[in-house]
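In case you want the letters, here they are:
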Amino acid sequence: MFNWLSLVTGLFYIVLGIVVIVYKFFFTILEPAVAYALGVVLIIYGIFRIYRAISRIKKSRNEE
């Protein structure tokens with residue numbers, strides 16, 4: 001269950017990163033450079049969460 005929740009959380013971070021880049025807003029109005037940097041960091045973290053969840057799902061299926 002935790003692995004599937006990590007997948008959803010990873011997708012949420014990716015969407016949040018895209019929203020920050022497009023609207024340049026994250027609890028306050030951001031400068032464009034800060035918005036791009038924060039958006040990219042959020043997207044990379046989302047990809048990392050998804051990768052880690054997929055690897056754990058594959059590992060748990062191999063152990064069964």
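Residues numbered from 1 in each chain as written. Predicted model: local features only at pLDDT ≥ 70, side-chain atom pairs only at ≥ 80, totals over all residues. Heavy atoms only, no water.

As annotated in an unreviewed UniProt entry, the protein is C4-dicarboxylate ABC transporter from Chryseobacterium cucumeris.

Turning our eyes to something else, we now look at the packing of helix H1 (residues 2-23) against helix H2 (residues 32-63). Between H1 and H2, whose axes approach to 7 Å, the crossing angle comes to 165 degrees. Relative to H2, H1 is oriented roughly antiparallel. Two packed elements cross with a definite hand, and for H1 against H2 that hand is left-handed. (Axes fitted to C-alpha atoms, helices over the stretch in contact; angles between N-to-C directions. Helix = DSSP H or I, 4+ residues; strand = E, 2+ residues; numbered from the N terminus. Parallel < 35°, antiparallel > 145°, perpendicular 65-115°, else oblique. Left-handed = near helix turned anticlockwise from the far one by under 90°.)

Moving on to the side chain of Arg-49. You can see Arg-49 is positioned in helix H2. Residues within four places of Arg-49 in sequence aside, it is in contact with Ser-6, Thr-9 and Gly-10. (Contact = heavy atoms within 4.5 Å.)

With respect to the helices and strands, the residue Gly-39 is situated in helix H2. With sequence-adjacent residues up to four places away left out, Gly-39 is seen in contact with Gly-17, Val-20 and Ile-21.

The UniProt record annotates "transmembrane region" (unreviewed entry) at residues 7-27 and 33-51. Measuring from the first to the last C-alpha atom of residues 7-27 gives 24 Å, for a span that is 81% helix and 0% strand. (UniProt positions renumbered as here; feature names shortened; annotations may be inferred.)

Here we take up the environment of Val-15. Its place among the elements puts Val-15 in helix H1. A relative accessible area of 49% places Val-15 in the partly exposed class. In sequence terms Val-15 and Glu-31 are 16 residues apart; their C-alpha atoms lie 19 Å from each other. (Buried < 20%, exposed > 50% of the residue type's maximum accessible area, 1.4 Å probe, protein only.)

This structure, assessed with the given rule, holds four aromatic pairs. Seen from their ring centres, Phe-12 and Tyr-13 are 6.1 Å apart, and the 65 degrees between their planes marks the pair as edge-to-face. Assessed through its relative accessible area of 52%, Phe-12 is described here as exposed. An aromatic cluster is defined as three or more aromatic residues linked by ring pairs; in this entry it consists of Phe-12, Tyr-13, Tyr-45 and Phe-48. (Phe/Tyr/Trp six-rings, centres within 6.5 Å; stacked < 30°, edge-to-face > 60°.)

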